[in-house]
Amino acid sequence: ELAQWQLAAAAPGAEVGVRGRALREAGVLFQKQGNLARAEELFRQAIAVTPANYAWRVDSLVAFSRLLIESQRAKEAVKAFEGTDFTKVTSVTTRGNLIEAYARALLAKRTAAVAATAAQCEPEDPAGARSRHPEGAAEGPGEALADDRRAARGPQRDLDEGRGGLDLERLRGAVEVL
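We now turn to the structure provided with this report. (Residues numbered from 1 in each chain as written. Predicted model: local features only at pLDDT ≥ 70, side-chain atom pairs only at ≥ 80, totals over all residues. Heavy atoms only, no water.)

1. Some words on the overall build of the protein chain
A count of helices and strands for the protein chain gives eight helices and zero strands. For the protein chain, the residues scored as buried account for 33% of the 178 residues in total. Within the protein chain, residue pairs in contact and separated by at least 24 positions form 53% of the contacts whose partners lie at least 6 positions apart. For the protein chain, the accessible area works out to roughly 10,900 Å², and carbon and sulfur atoms hold 53% of it. (Helix = DSSP H or I, 4+ residues; strand = E, 2+ residues; numbered from the N terminus. Buried < 20%, exposed > 50% of the residue type's maximum accessible area, 1.4 Å probe, protein only. Contact = heavy atoms within 4.5 Å. Areas by Shrake-Rupley, 256 points an atom, 1.4 Å probe, with all protein chains shown as cover.)

Encoded structure:
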């Protein structure tokens, strides 16, 4: 099956839709095989075939962003959507898939930023004591876990309340089109 899609993508004079879909399908198959570099290359080629919002192109963009997110490259996933005009996607289902993929990329980018900030703020304590009590008494493991959960909830609360650096205005505009 992979060989057939590769032949279709490479056929001289192949129609834009055939070439684009063939590149996407081959990318999906390479991704399933674990060859992420080749899958990424094919998704990029599929997206570059045309700027028109054919269903196969939107599916290529969605698959490409998912691959980037899974590869811990959320910033690139968000950047992949630059120049995308959600209002020009006429199919409601396809537009919904595109908006969902964009939202996932934004969330992954924000989650990565929060994790990086948290890692920078983590105090160094080679002995592992991590005392938070002013009188210097060691805390129990249950107290440390509860404090960690409260601290971790802050960024999620910000996301739930619509804060946290997401490009919410662009996302709202895309959703309003639906």
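2. Topic: helix α2 (residues 16-33)
In a regular helix each residue adds 1.5 Å, so 18 residues correspond to 26 Å; α2 covers 26 Å between its end C-alpha atoms and thus fits that length. Turning to α2, its buried residues number three or more, namely Gly-20, Ala-22, Leu-23, Arg-24, Glu-25, Ala-26, Gly-27, Leu-29, Phe-30 and Gln-31. (Expected span 1.5 Å × (residues − 1).)

3. Quick look at the side chain of Arg-24
Topologically, Arg-24 is positioned in helix α2. If we skip the residues at most four places from it in the chain, Arg-24 touches Phe-43, Ala-46, Trp-56, Asp-59 and Ser-60.

4. Remarks on the nonpolar core
One finds Phe-43, Phe-81, Leu-98 and Tyr-102 to be the most contacted residues of the largest nonpolar core, which totals 28 residues. Those elements giving two or more residues to this core turn out to be α2, α3 (36-48), α4 (55-70), α5 (74-79) and α6 (92-121). Those residues in contact with Leu-98 that sit more than four places away from it in its chain are Val-58, Leu-61, Val-62, Phe-81, Thr-84, Phe-86 and Val-89. (Core = buried A, V, L, I, M, F, W, Y, C linked by side-chain atoms within 4.5 Å.)

5. As for α6
Under the 1.5 Å per step criterion, the end-to-end length of α6 is 43 Å for 30 residues, consistent within 8% with the ideal 44 Å. Along α6, the residues classified as buried are Thr-94, Arg-95, Leu-98, Ile-99, Ala-101, Tyr-102, Ala-105, Leu-106 and Val-114.

6. Focus on the pattern of salt bridges
Per the counting criterion, the structure on display carries eight salt bridges. Of the charged contacts in the structure, one is a salt bridge between Glu-25 and Arg-24, with a shortest N-O distance of 2.5 Å. In this pair, the class of Glu-25 matches that of Arg-24, namely buried. Between Arg-38 and Glu-41 there is a salt bridge, with its nearest N and O atoms 2.8 Å apart. Within this pair, Arg-38 and its partner Glu-41 are both found in helix α3, separated by three residues, close to a single helical turn. On the accessibility criterion, Arg-38 (25% relative accessible area) is partly exposed. Here Glu-41 falls in the partly exposed class, since its relative accessible area comes to 37%. (Salt bridge = Lys/Arg side-chain N within 4 Å of Asp/Glu carboxyl O.)

7. Some points on the packing of aromatic side chains
Tallying each qualifying case throughout the model produces three aromatic pairs. Ring centres of Tyr-54 and Trp-56 lie 5.8 Å apart, and the angle between their planes is 10°; on these two criteria the pair is classed as stacked. Under the relative-accessibility criterion, Tyr-54 is labelled partly exposed at 42%. Here Trp-56 falls in the buried class, since its relative accessible area comes to 9%. Linked through ring pairs, Phe-81, Phe-86 and Tyr-102 together constitute an aromatic cluster. (Phe/Tyr/Trp six-rings, centres within 6.5 Å; stacked < 30°, edge-to-face > 60°.)

8. Let's talk about the packing of α2 against α3
α3 packs onto α2 with a crossing angle of 165° between their chain directions and a minimal axis gap of 8 Å. Judged on the interaxial angle alone, α3 and α2 are roughly antiparallel. Read as a crossing pair, α2 and α3 show a hand that is left-handed. Between α2 and α3, the residues in contact are Gly-20, Leu-23, Arg-24, Ala-26, Gly-27, Val-28, Phe-30 and Gln-31 and Leu-36, Arg-38, Ala-39, Leu-42, Phe-43, Gln-45 and Ala-46, respectively. When grouped by side-chain class, the residues that make up the contact of α2 with α3 number nine nonpolar, four polar and two charged. (Axes fitted to C-alpha atoms, helices over the stretch in contact; angles between N-to-C directions. Parallel < 35°, antiparallel > 145°, perpendicular 65-115°, else oblique. Left-handed = near helix turned anticlockwise from the far one by under 90°. Nonpolar A, V, L, I, M, F, W, Y, C, P; charged D, E, K, R; others polar.)

9. Comments concerning the packing of α2 against α4
It is at 9 Å that the axes of α2 and α4 come closest, and there the two elements cross at 25°. Considering the angle they form, α2 stands roughly parallel to α4. Both α2 and α4 take part in a crossing whose hand is left-handed. Contacts between α2 and α4 involve Val-16, Gly-17, Gly-20, Arg-21, Arg-24 and Gln-31 from the first element and Trp-56, Asp-59, Ser-60, Leu-67 and Glu-70 from the second. Class assignment of the residues belonging to the contact of α2 with α4 gives a composition of three nonpolar, four polar and four charged.

So yeah, pure geometry; function would need other evidence.
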